[in-house]
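Residues per chain, in single letters:
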Amino acid sequence: QVQLVESGGGLAQPGGSLRLSCAVSGITVSGRYWNWYRQTPGKQREWVAQLTSGGGKNYADSVKGRFIISGDVTKDEVYLQMGSLKPEDTAVYYCHTPSFGSGVWGQGTQVTVSA
């Protein structure tokens, strides 16, 4: 079974940092694209960052320069390093790969940014 499990969320102050992890099982991290999305209740899910199969990185304008996506093919984990956090970054963050049809999603991890 393919499974993605996010962790690392929590409470941070504005200007602080958090690192989210996505543990991957059932498939490899290598050879495919990976994304991070986020969603606030009542809002549509928003794409945040992408790691391509060739190691390229793409970011939403709202997080560019503040967030870094990366992967570790040995550990089968994908990461989102978040810095200079803002209250508007508050959301549930989801790991995603588009490899299988509409893709595979994790269960999400809550990030709250508040003074």
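Everything numeric here is computed off the predicted structure, so don't read it as measured data.

Q: Would you explain the pattern of salt bridges in this entry?
A: Pairs can form between side chains of opposite charge once their charged atoms are near each other. Summed over all chains, the structure comprises three salt bridges. With a shortest N-O distance of 2.9 Å, Arg38 and Asp89 are connected by a salt bridge. Pair noted here: Arg38 is in strand β4 (residues 34-39) and Asp89 is in the loop between β8 (77-82) and β9 (91-97), with a separation of 51 residues, a long-range link. Here Arg38 matches Asp89 in class, with each residue buried. A salt bridge links Asp89 to Arg66, with the shortest nitrogen-to-oxygen separation between them at 2.8 Å. Highlighted residues: Asp89 in the loop between β8 and β9 and Arg66 in the loop between β6 (57-59) and β7 (67-72), separated in sequence by 23 residues. Residue classification places Asp89 among the buried positions, given a relative accessible area of 0%.

Q: Explain the state of the cysteines to me, please; I cannot follow it from the model alone.
A: Note on terminology: disulfide describes a covalent bond linking the sulfur atoms of two cysteines. Counted under the stated rule, the structure contains one disulfide. Through a disulfide, Cys22 is tied to Cys95; the S-S separation comes to 2.2 Å. Disulfide Cys22-Cys95: the torsion about the S-S bond is -85°, which places it as left-handed. Of the two residues, Cys22 sits in strand β3 (residues 18-25) while Cys95 sits in strand β9, which places them 73 residues apart along the sequence. Here the two residues Cys22 and Cys95 agree in accessibility, since each one is buried.

Q: How should the environment of Val104 be read in this particular structure?
A: By the secondary structure assignment, Val104 is in strand β10 (residues 104-105). Between the C-alpha atoms of Val104 and Leu51, which are 53 residues apart in sequence, the distance is 15 Å. Every residue in contact with Val104, bar those within four places of it in the chain, is listed here: Val2, Leu4, Cys95, His96 and Thr97.

Q: What am I meant to see in the packing of aromatic side chains here?
A: Working definition: an aromatic ring pair is given by the centre-to-centre distance plus the angle between the planes. Counting across every chain of the model gives two aromatic pairs. With a centroid separation of 6.5 Å and 85° between ring planes, the pair formed by Tyr94 and Trp105 is classed as edge-to-face. Highlighted residues: Tyr94 in strand β9 and Trp105 in strand β10, separated in sequence by eleven residues. Feature note: the residues Tyr37, Tyr94 and Trp105 constitute an aromatic cluster, connected by ring pairs. Directly above the ring of Tyr94 sits Arg45, whose terminal nitrogen or CZ lies 3.8 Å from the centroid.

Q: Looking at this model, I keep getting lost on the nonpolar core. Mind explaining?
A: Proteins that are soluble and globular tend to have nonpolar side chains buried together. Among the nonpolar cores identified, the biggest contains 28 residues, and Trp34, Trp36, Leu80, Met82 and Tyr93 are the most heavily contacted of them. Looking at this core, the elements that each hand over two or more residues are β3, β4, β5 (46-51), β7, β8, β9 and β11 (109-113). Considering every element that reaches this core, the biggest residue donor is β3, with four residues. When residues no more than four places from it in sequence are discounted, the contact partners of Leu80 are Leu18, Arg19, Leu20, Trp36, Val48, Ala49, Phe67, Ile68, Ile69 and Tyr93.

Q: Just to check I follow, could you spell out the side chain of Asn35 for this structure?
A: Summarising the element assignment, Asn35 is placed in strand β4. You can call Asn35 buried: its relative accessible area is 3%. Reaching out from Asn35, the side chain makes a polar contact with the side chain of Trp47 at a distance of 3.0 Å. The contact partners of Asn35, leaving out residues within four places of it in the chain, are Trp47, Ala49, Gln50, Tyr94, Cys95, His96 and Pro98.

What counts and how
Residues numbered from 1 in each chain as written. Predicted model: local features only at pLDDT ≥ 70, side-chain atom pairs only at ≥ 80, totals over all residues. Heavy atoms only, no water. Salt bridge = Lys/Arg side-chain N within 4 Å of Asp/Glu carboxyl O. Helix = DSSP H or I, 4+ residues; strand = E, 2+ residues; numbered from the N terminus. Buried < 20%, exposed > 50% of the residue type's maximum accessible area, 1.4 Å probe, protein only. Disulfide = S-S within 2.5 Å. Contact = heavy atoms within 4.5 Å. Phe/Tyr/Trp six-rings, centres within 6.5 Å; stacked < 30°, edge-to-face > 60°. Lys NZ or Arg CZ within 6 Å of the ring centre and 35° of its normal. Core = buried A, V, L, I, M, F, W, Y, C linked by side-chain atoms within 4.5 Å. Polar contact = N/O pair within 3.5 Å; in protein donor to acceptor, adjacent residues only side chain to side chain.

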